[in-house]
Amino acid sequence: MIYLDYQATTPLAPEAREAMEPWLGEQFANPHSPYTAGRMAAAAISVARDQLSDAIGLPGGQAVFTGSATEAINWAIRGTMEKRPERSHIVTIATEHAAVLDTVEWLGRRHDVTILPVDSNGLVDLDQLREAVSERTALVAAMLVNNEIGVIQPVDRIAEIAHSKGAWMLCDAVQGLGRIPIPEGPDLVAVSGHKIHGPKAIGALWMREGCEPAPLIHGGGQEAGLRSGTLSPALCVGFGAAAKLAGSKQSEDRAHVAQLWEAATAVLGPEWTINGDIQNRYRGNLNIRREGLDAARLLEECRDIAMSLGSACASGSGRPSHVLRALGLSDREARSSIRLGFGRYTDKGDLTEAIGRINEAARKQGV
Ligand code: PLP
């Protein structure tokens, strides 16, 4: 298999696996227990939290572990609306992840929701945002790097506009963490372990001091009462190790991704169009379309190349991607698009070989 689906998930870094191992074996104590073994587990979690906070790199806040970024996002949005009952309006963007869009849709029964469009490159219009945000707005939610098209939103300026009316700003930095710096400005930041070569089923919500959402999960009062539930030392330690590695390897990873992008675009051929802005983009994401291509059929025909039709969740549904539709692409164009995602462990030769085979399969379709 040639793995080109880095936006769906990333391979576990050997360093993260190694860091996790003791916590899956003899060191199994509950990190919330008072005896020595429990305290050792709690201390390891505390180191992991610091490693993650360093990778997020924002001052004046804390990271709270969750079961996924989806949970962190649900918590940030629902918890903010509960915490700020004097404000009843949420603003977000049409190209956000389903974790944001489905949560605001669910809240739409009780709150006002504004979903801003994007231009044909996938970028939000800041004047439209300025018009939408008011003293009634509790929260503005915008992602840093789009999971489907790699486009980078101007999160610092979005936060500035939110703050000018007293709204909080949530940044879904799941695809940005460790790849590009998280700009200063957001009050809440959602991140995920498995997108940065850490383990699955762990995420975190970083929150600025004074912007803590009301808890979503109640119970044993862990995480200072903000998020109940026994933490997994193995998952936390793996996430921390991956975050530390992402920091130390950031420039090396970035240079490797730039080389992969150059190599991929050099062999792609003129029949392909890149979806989404080319400049404001994370280059480990190559979302491309080809006139007349049946992308679902192409995936069937190239089963040993792991690639995607869009987000992993939309891939199985048969629905055209809401992100590509938001760029103004027709259903037909959206269904002619594939997403190639690559990064730290991608071999340049594998990538160009895969593109050669994709091109061949496309030509066999007569397009
Ligand atoms: N936000 C973005 C941009 C994502 O790409 C994903 C994962 O696909 C999520 C949120 C959800 O992350 P998790 O898998 O940790 O729930």
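- With an unreviewed UniProt entry as reference, the protein chain is termed Cysteine desulfurase, source organism Sphingomicrobium lutaoense.
- Per its UniProt entry, the protein chain bears the Function (unreviewed entry) comment "Catalyzes the removal of elemental sulfur atoms from cysteine to produce alanine. Seems to participate in the biosynthesis of the nitrogenase metalloclusters by providing the inorganic sulfur required for the Fe-S core formation."
- UniProt's Catalytic activity (unreviewed entry) comment on the protein chain is quoted here verbatim: "(sulfur carrier)-H + L-cysteine = (sulfur carrier)-SH + L-alanine".

**With respect to the sheet that holds strand S3 (residues 89-93)**
And step 1. The sheet built from seven strands is open, its strands ordered S2-S8-S7-S6-S5-S3-S4 with mixed pairing. Since the sheet does not close on itself, it has two edges, and those belong to strand S2 (61-66) and strand S4 (112-116), each with one partner. Adjacent strand axes in the sheet meet at a mean angle of 20° when their direction is disregarded.
And step 2. Along the sheet, helix H3 (residues 69-83) makes contact with S2, S3, strand S5 (137-143), strand S6 (168-172), strand S7 (188-192) and strand S8 (203-208), crossing S7 at roughly 160°.

**A word on the nonpolar core**
And step 1. Ranked by size, the top nonpolar core spans 57 residues in total, and within it Leu52 and Phe65 carry the most contacts.
And step 2. The element best represented in this core is helix H7 (residues 233-248), accounting for six residues.
And step 3. Of the residues that make up this core, three or more belong to each of domain 1 (2-9 + 249-364) and domain 2 (14-248).
And step 4. Apart from residues no more than four positions distant in its own chain, Leu52 is found in contact with Ala63, Phe65, Leu177, Val191, Ala204, Phe239 and Ala243.

**Looking at the site of the ligand**
And step 1. If you check the shell around the ligand, you find 13 residues, and the closest are Thr70, Asp172, Gln175, Ser192 and Lys195.
And step 2. Contact between the ligand and Asp172: a nitrogen atom at 2.7 Å from a side-chain N or O atom of the residue.
And step 3. One nitrogen or oxygen atom from the side chain of His194 is found 2.9 Å from an oxygen atom belonging to the ligand.
And step 4. Contact with the protein chains hides 87% of the accessible area of the ligand, taken as 390 Å² for the molecule alone.
And step 5. It is H3 that provides the largest number of residues to the shell around the ligand, a total of three residues.
And step 6. By residue class, the composition of the shell around the ligand is four nonpolar, seven polar and two charged.

**Some thoughts on unusual backbone geometry**
For residues other than glycine, phi is negative in most cases, and the peptide bonds are mostly trans.
And step 1. One non-glycine residue, Ala201, lies in positive phi territory at about 65°.
And step 2. Along the chain, Ala201 turns up in the loop between S7 and S8.
And step 3. The phi torsion at Glu223 lies on the positive side, around 50°, for a residue other than glycine.
And step 4. By the element assignment, Glu223 lies in the loop between S8 and H7.

**Comments concerning the packing of aromatic side chains**
Geometrically, a pair of aromatic rings is defined through the distance of the ring centres and the angle of the planes.
And step 1. For the coordinates displayed, the defined rule picks out two aromatic pairs.
And step 2. Ring geometry for Tyr3 against Tyr6: centres 5.8 Å apart, planes inclined by 45°, an arrangement best described as tilted.
And step 3. Taking relative accessible area as the criterion, Tyr3 reaches 24% and is therefore assigned partly exposed.
And step 4. Taking relative accessible area as the criterion, Tyr6 reaches 3% and is therefore assigned buried.
And step 5. Centroid distance Phe65 to Phe239: 6.3 Å. Interplanar angle 55°. Geometry classified as tilted. Of this pair, Phe65 sits in strand S2 while Phe239 sits in helix H7, placing them 174 residues apart in sequence. The residues Phe65 and Phe239 share a single accessibility class, namely buried.

Thresholds applied
Residues numbered from 1 in each chain as written. Predicted model: local features only at pLDDT ≥ 70, side-chain atom pairs only at ≥ 80, totals over all residues. Heavy atoms only, no water. UniProt positions renumbered as here; feature names shortened; annotations may be inferred. Pairing = 2+ DSSP bridges. Helix = DSSP H or I, 4+ residues; strand = E, 2+ residues; numbered from the N terminus. Axes fitted to C-alpha atoms, helices over the stretch in contact; angles between N-to-C directions. Contact = heavy atoms within 4.5 Å. Core = buried A, V, L, I, M, F, W, Y, C linked by side-chain atoms within 4.5 Å. Buried < 20%, exposed > 50% of the residue type's maximum accessible area, 1.4 Å probe, protein only. Domains from an automatic or database assignment. Near = heavy atom within 4 Å. Polar contact = N/O pair within 3.5 Å; in protein donor to acceptor, adjacent residues only side chain to side chain. Areas by Shrake-Rupley, 256 points an atom, 1.4 Å probe, with all protein chains shown as cover. Nonpolar A, V, L, I, M, F, W, Y, C, P; charged D, E, K, R; others polar. Phe/Tyr/Trp six-rings, centres within 6.5 Å; stacked < 30°, edge-to-face > 60°.

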